[in-house]
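Single-letter residue listing:
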Amino acid sequence: MIARLLTAMANHPFAGRHLITHKVHEHDRVWFDNCKVTHLHAAPGYAFELTRLGLLLLCAGIAAPWFWGLALMHTSLLCLAVTRLNHMRSADADPAPLLAAWRRYILTRSLLCTLVNIAALACAPADHLVPLVMFIQATDAMVLFAHFTLPVSGLASSLISTLGTVTALLQRPELPVLPILPLVLLLMASAHVRIFNLHYMFATRRLRTRELRAANDMIELLLTQYRDHGSDCLVQTDAAGMIVEAPERLCQLLGVENGALAGFKLVRLFDPGEGPEAISKAARRLQPFHDVCVSRTRDGQTRWFAVSGCPLHDPQGRHFGFRGFLRDVTDRHEAESKVRFLAHHDPLTLLANRAAFRDKLEQRLDQRPRRGLVAVLFADLDHFKLVNDSLGHAAGDRVLQVAARRLAALIGPHDVVARLGGDEFALMLGQSRSAEAALLLARRIVDDLSRPIEVEGRSIQMGASVGIALAPDHAENADELLRAADMALYEAKSGGRGLAALYRHDMKDVLLEKRALELELRSALTNGEFELYYQPVQALATDRIAGFEALLRWHHPVRGMIGPGTFIDIAERSGLIVPIGEWVLREAMAEAATWAGDLTVAVNVSAVQMRGDDLLRQVVSALGATGLDPHRLELEITETVLMQDQEACLALLHQLRGLGVRIALDDFGTGYSSLNYLRAFPFDKIKIDRCFIADLDEGGESGAIVEAVLDLAARLNMQTIAEGVEDAAQLAALRKRGCAQVQGYLISKAMPAATLPVERVQAKRTMTSGVIERITYAPGFADAPLVRKQA
């Protein structure tokens with residue numbers, strides 16, 4: 001009887017049972033329970049309980065220690081319960097047991113809070129009753145909102161709290177009984193309506209949104225798959241994934257006979273991998289899947305497909321299979337693969353690019369053992385720009401490809417080689433044993449890249465400089481390690497190229513100093529800070545001055561006098577040598593035009609100045625502006641000028657020589673191709689390097705080399721000059737062996753133009769006419785023998 005009554009009351013529309021009963025598909029049950037769990041855990045449990053404790057003590061106004069102890073103990077228990085629930089969720093607990101635990105927690109919490117509320121209402125002063133009741137009702141409303149996803153438990157909790165509150169209030173004699181009873185009924189009805197309606201809105205919104213999304217996904221799938229006609233095909237499977245309908249188009253795409261696919265498991269048609277696994281995982285969960293990329297290899301050829309599908313259900317909601325679509329995306333996949341490859345590789349050399357190298361370096365640094373070393377080597381091709389400028393970019397590309405293959409052949413399985421850009425490469429030694437091992441590899445790199453490279457029937461002699469930095473010795477992170485390697489490379493190139501340099505901690509200061517010098521060098525020409533000094537060249541046949549070599553000096557306003565050895569390399573690297581070289585050429589020729597007689601002036605020409613036709617234009621312009629006899633101008637070039645594009649350089653030298661300008665080969669004997677250059681071009685003069693003159697008086701190999709050079713020059717009708725003559729013994733040895741000219745400290749140091757011992761004429765220079773007026777000054781010392789004064 002009582003059971004039937006309760007059943008009738010529960011089924012009555014006013015009970016609101018329909019508000020908390022929803023049709024949820026079995027495969028959506030776990031998802032729906034997880035939605036409830038997510039809402040329950042969204043409430044800030046710890047903060048709420050602690051805040052509630054503080055406000056309760058404040059509103060109750062009870063100073064008794066036993067009440068404070070009771071409130072603290074009850075809050076501690078609730079916090080421990082919240083911790084337990086959070087732990088269950090973090091452990092990926094199944095939602096059903098977790099929801100059961102939440103129900104127990106809600107009821108237990110209600111009982112504990114009601115006991116504390118009753119104690120507070122029974123002992124609170126009369127003037128605290130109204131705020132205390134308002135506080136209890138407010139907190140009950142907030143708890144009700146937090147727990148509406150479990151409506152029955154939430155309603156029971158609210159009823160327990162309300163009944164406890166009313167019971168406590170009835171025990172207070174100062175409160176009337178009759179008004180309280182209607183209030184109780186009103187509160188209970190209000191709680192019932194609120195929590196059931198909140199749950200209804202929550203469940204309806206979630207379930208309908210999911211249904212609409214599934215329907216939208218299906219429509220979108222159909223529209224997407226049929227957008228391109230003939231590019232996809234339809235396939236249907238049973239609940240176990242066996243193909244039940246395989247159209248002819250599908251058989252053609254997969255390269256099988258018609259009808260051969262029926263009864264075959266769909267995922268087994270494709271190569272094993274992430275794609276088939278993703279399809280199987282979605283099928284087990286009865287979830288749709290979109291554009292899953294799978295491959296099929298047949299007869300050595302691989303084709304790629306995009307597979308989409310969705311589960312099928314009968315009117316009763318029972319799952320009976322899948323319907324899917326296949327599209328051949330081989331062309332798109334290959335294009336995307338190429339794009340992904342090029343995003344991390346250099347297209348010319350197929351090596352890793354800068355971004356990929358940095359990523360791999362960071363990974364290696366993160367995985368580095370405590371005592372392990374990671375070495376980074378920066379390798380830069382010497383004089384590569386000359387190849388590009390003279391032979392063209394196709395030849396430059398060929399050089400880079402050969403260099404890349406040689407570098408790749410030097411590294412191990414744990415190492416990485418990359419092209420950072422231009423002619424700069426980087427290597428990462430993932431398991432470097434020591435700095436010595438890294439230096440040994442760097443020297444092998446220099447040797448390998450210095451071997452000739454055949455390009456279009458030409459043998460190009462390259463070279464390389466290498467900078468090395470180690471982690472953790474020189475840097476801890478990737479950016480600092482790359483900067484250290486770059487500074488070491490700069491040091492190697494500044495030391496004369498063809499070298500390997502290990503990073504030192506003082507390199508940063510040196511680099512900053514050189515960069516500061518480069519910035520100051522850019523304004524030096526404009527500010528008139530350069531000056532030419534002239535070192536006399538003495539003819540041994542007459543012991544008189546035959547000419548002068550122009551040597552550049554920089555009067556820095558702060559640093560003082562700076563020699564060319566300090567800044568010429570910086571000027572060449574920055575390209576400033578071109579305008580500086582043009583100024584030197586014009587200034588030297590203008591000065592020489594004021595010298596009486598046939599005194600010559602020698603001007604050094606950098607390899608950078610030999611690129612293109614600028615040097616020829618500058619010489620012609622300066623000759624016209626100064627009126628200097630071309631035969632009085634000597635251009636000194638080094639062997640490095642001819643090392644790159646020998647044909648272009650020789651053609652330029654022949655044009656200069658056709659103007660009447662004399663060409664001298666400087667530092668003869670220091671290279672390994674000197675004799676080849678003498679055969680290739682009829683130089684007017686050979687300059688014997690100072691390294692052979694230093695120990696000339698001691699005999700030995702230097703004497704033999706000098707004799708051979710002098711004999712060779714005589715046979716080729718070339719004039720000879722020896723530089724670096726510093727004592728009388730060297731001078732006597734050169735005179736005895738038949739050297740034509742000498743220069744060095746024994747003869748004279750370089751001196752400013754104003755102090756030159758020459759007879760001068762006034763030269764009137766114009767850019768158009770080149771007219772020269774000669775006015776004879778007092779006789780100088782040009783015709784007098786030079787004698788070095790003894791200290």
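Computed from a predicted structure; not experimentally measured.

**Student:** When you look at the overall build of the protein in this model, what are you seeing that I'm missing?
**Tutor:** Helix and strand counts for the protein come out as 25 helices and 22 strands. Within the protein, buried positions represent 45% of all 791 residues. The contacts of the protein with a sequence gap of at least 6 include a subset with a gap of at least 24, amounting to 66%. Surface exposure of the protein reaches about 40400 Å², of which carbon and sulfur atoms provide 57%.

**Student:** Explanation requested: the side chain of Lys493 in the structure shown.
**Tutor:** Mapping Lys493 onto the fold places it in helix α16 (residues 478-494). Polar side-chain contacts of Lys493 include one of 2.6 Å to the side chain of Asp380. Setting aside anything within four residues of it in sequence, one finds Lys493 in contact with Asp380, Asp382, Ser465 and Arg573.

**Student:** Explain the packing of aromatic side chains here, please?
**Tutor:** The geometry of an aromatic ring pair is captured by the separation of the ring centres together with the interplanar angle, meaning the angle of the planes. In the structure shown here, the tally under the stated rule is 10 aromatic pairs. Taking the centre distance of 5.4 Å and the plane angle of 90° together, the rings of Trp102 and Tyr105 count as edge-to-face. With Trp102 and Tyr105 both in helix α5 (residues 95-123), this residue pair falls three residues apart, about one helical turn. Judged by its relative accessible area of 6%, Trp102 falls in the buried class. Ring geometry for Tyr534 against Trp595: centres 5.7 Å apart, planes inclined by 85°, an arrangement best described as edge-to-face. Remark: Trp595 occurs in the loop between α19 (577-592) and β16 (600-604) and Tyr534 occurs in strand β13 (residues 530-539); sequence separation between them is 61 residues. The exposure class assigned to Tyr534 is buried, which follows from its relative accessible area of 1%. Within the aromatic cluster, the residues linked to one another by ring pairs are Phe530, Trp554, Phe567 and Trp583. Here the guanidinium or amino end of Lys749 rests over the ring plane of Tyr745, the centre of that ring lying 5.3 Å away.

**Student:** Sorry, what's going on with the sheet that holds strand β12 (residues 500-502) here?
**Tutor:** In a beta sheet, neighbouring strands are held together by backbone hydrogen bonds and run either parallel or antiparallel to one another. On the basis of which strands lie adjacent, the open sheet formed by five strands has the order β7-β8-β6-β11-β12 and mixed pairing. In this open sheet, the two strands that pair with only one neighbour each are β7 (416-421) and β12. Across the sheet, the axes of successive neighbouring strands diverge by a mean angle of 20°, strand direction being ignored. Two elements, strand β6 (residues 373-381) and strand β11 (residues 464-471), share eight bridges in a ladder whose sense is antiparallel. Paired with Val374 across the two strands is Ala471, which belongs to β11.

**Student:** I'm lost on a nonpolar patch on the surface in this one. Help?
**Tutor:** Where nonpolar side chains cluster on the molecular surface, the patch consists of Met73, Leu77 and Leu80 and spans about 310 Å² of accessible area. Relative to the elements of secondary structure, Leu80 occurs in helix α4 (residues 65-90). Judged by its relative accessible area of 58%, Leu80 is exposed.

**Student:** Looking at this structure, how should I read helix α17 (residues 507-524)?
**Tutor:** Along an α-helix, residues three or four apart share an orientation, since each turn contains 3.6 residues. Between its terminal C-alpha atoms α17 stretches 25 Å, which fits the 26 Å expected from 18 residues at 1.5 Å a residue. Restricting attention to buried positions, one finds in α17 the residues Met507, Leu511, Leu517, Leu521 and Ala524. Looking straight down α17, one finds that the buried residues subtend no more than 130° of arc, so they occupy a single side. Turned more than 90 degrees off the buried face of α17, the exposed positions are Asp509 and Leu519.

**Student:** Please explain the side chain of Glu529 as it appears in this structure.
**Tutor:** By the secondary structure assignment, Glu529 is in the loop between α17 and β13. Here Glu529 is buried and forms no salt bridge, its nearest opposite-charge partner Arg559 lying at an N-O distance of 8.8 Å. A distance of 2.8 Å separates a polar atom in the side chain of Glu529 from a polar atom in the side chain of Trp554. Those residues in contact with Glu529, other than ones at most four positions away along the chain, are Ala524, Arg553, Trp554, His555, His556 and Pro557.

**Student:** Can you walk me through the environment of Leu441 in this structure?
**Tutor:** Within the element layout of this structure, Leu441 appears in helix α15 (residues 435-450). With sequence-adjacent residues up to four places away left out, Leu441 is seen in contact with Leu377, Leu410 and Leu429.

**Student:** Can you walk me through the pairing of β13 in this structure?
**Tutor:** Two faces belong to every sheet, and in a regular strand the side chains alternate between them. The element β13 is extensively covered by neighbouring structure, given that nine of its 10 residues are classed as buried. Bridging between β13 and strand β14 (residues 544-556) involves 10 bridges; their strand directions are antiparallel. Following the sheet pairing, Ala539 is matched in β14 by Arg544. Between β13 and β14, which pair antiparallel one after the other, the connecting turn spans four residues, and Asp543 there sits at a positive phi close to 55°. Two elements, β13 and strand β22 (residues 751-752), share two bridges in a ladder whose sense is antiparallel. Paired with Tyr533 across the two strands is Pro752, which belongs to β22. Across two bridges, β13 lies against strand β21 (residues 741-743) in antiparallel orientation. From the neighbouring strand, Ala539 faces β21, where its bridge partner is Gln741.

**Student:** What should I look at first to understand the nonpolar core in this one?
**Tutor:** One recurring pattern in soluble globular proteins is that nonpolar side chains are buried together. In terms of nonpolar packing, the biggest core is built from 106 residues, with Leu361, Tyr534, Leu633 and Leu635 touching the most fellow members. Per element, the largest residue contribution to this core is nine residues, and it comes from α16. If you look at the next biggest cluster of nonpolar residues, it comprises 36 residues, including Leu381, Ala395, Val402 and Ile460.

**Student:** What's the story with unusual backbone geometry in this structure? I'm lost.
**Tutor:** Trans peptide bonds make up most of the peptide bonds, and negative phi angles are found at most residues other than glycine. A cis amide bond links Ala471 with the next residue in sequence, Pro472, at an omega value of 10°. Examined against the element boundaries, Pro472 turns out to sit in the loop between β11 and α16. You will see that Leu286, though not glycine, has its phi angle at about 55°, which is positive. Non-glycine residue Asp291 carries a positive phi angle of around 50°. Looking at the secondary structure, you find Asp291 in strand β3 (residues 289-298). Overall, Asp291 belongs to the partly exposed group, its relative accessible area being 47%.

**Student:** I tried to follow α19 on my own but got confused; where do I start?
**Tutor:** Helix length check: α19, at 16 residues, gives a terminal C-alpha distance of 22 Å against a target of 22 Å (1.5 Å per residue), a fit within 8%. Of the residues making up α19, those classed as buried are Ile577, Ile580, Gly581, Val584, Leu585, Ala588, Met589, Ala590, Glu591 and Ala592.

**Student:** Just to check I follow, could you spell out the pattern of salt bridges for this structure?
**Tutor:** Where charged atoms from two side chains of opposite charge approach closely, those side chains can pair. Counting across every chain of the model gives 22 salt bridges. In this structure, the salt-bridge partner of Arg451 is Asp448, at a minimum N-O distance of 4.0 Å. With a relative accessible area of 40%, Arg451 lands in the partly exposed category. A salt bridge links Glu549 to Lys687; the shortest N-O distance between them is 2.8 Å.

**Student:** Is there a simple way to think about the packing of α17 against helix α18 (residues 564-574) in this case?
**Tutor:** Helix packing geometry: the angle between the two helix axes and the distance between the axes. Interhelical geometry of α17 versus α18 gives an angle of 75° and a closest axis separation of 10 Å. Here α17 lies roughly perpendicular to α18, going by the angle between them. Seen from α17, the contacting residues are Lys514, Leu517, Glu518, Leu521 and Arg522; seen from α18, they are Thr566, Phe567, Ile570, Ala571 and Ser574. Of the residues contributing to the contact of α17 with α18, the split by class is five nonpolar, two polar and three charged.

**Student:** Teacher, can you tell me more about the confidence of the model for the protein here?
**Tutor:** Note that predicted coordinates carrying low pLDDT should not be read in detail. Looking at the protein as a whole, its pLDDT mean stands at 80, while 85% of the residues score no less than 70. A low-confidence stretch, residues 764-791 stays under pLDDT 50, and its non-local contacts, those more than four residues away or across chains, total 58 contacts.

Conventions we followed
- Residues numbered from 1 in each chain as written.
- Predicted model: local features only at pLDDT ≥ 70, side-chain atom pairs only at ≥ 80, totals over all residues.
- Heavy atoms only, no water.
- Helix = DSSP H or I, 4+ residues; strand = E, 2+ residues; numbered from the N terminus.
- Buried < 20%, exposed > 50% of the residue type's maximum accessible area, 1.4 Å probe, protein only.
- Contact = heavy atoms within 4.5 Å.
- Areas by Shrake-Rupley, 256 points an atom, 1.4 Å probe, with all protein chains shown as cover.
- Polar contact = N/O pair within 3.5 Å; in protein donor to acceptor, adjacent residues only side chain to side chain.
- Phe/Tyr/Trp six-rings, centres within 6.5 Å; stacked < 30°, edge-to-face > 60°.
- Lys NZ or Arg CZ within 6 Å of the ring centre and 35° of its normal.
- Pairing = 2+ DSSP bridges.
- Axes fitted to C-alpha atoms, helices over the stretch in contact; angles between N-to-C directions.
- Patch = residues over 30% accessible without salt bridge, like charges linked within 9 Å, V, L, I, M, F, W, Y side chains within 5 Å.
- Salt bridge = Lys/Arg side-chain N within 4 Å of Asp/Glu carboxyl O.
- Expected span 1.5 Å × (residues − 1).
- Arc of directions from axis to C-beta.
- Lys, Arg positive; Asp, Glu negative; His and termini not counted.
- Core = buried A, V, L, I, M, F, W, Y, C linked by side-chain atoms within 4.5 Å.
- Parallel < 35°, antiparallel > 145°, perpendicular 65-115°, else oblique.
- Nonpolar A, V, L, I, M, F, W, Y, C, P; charged D, E, K, R; others polar.
- pLDDT = per-residue confidence, 0-100.

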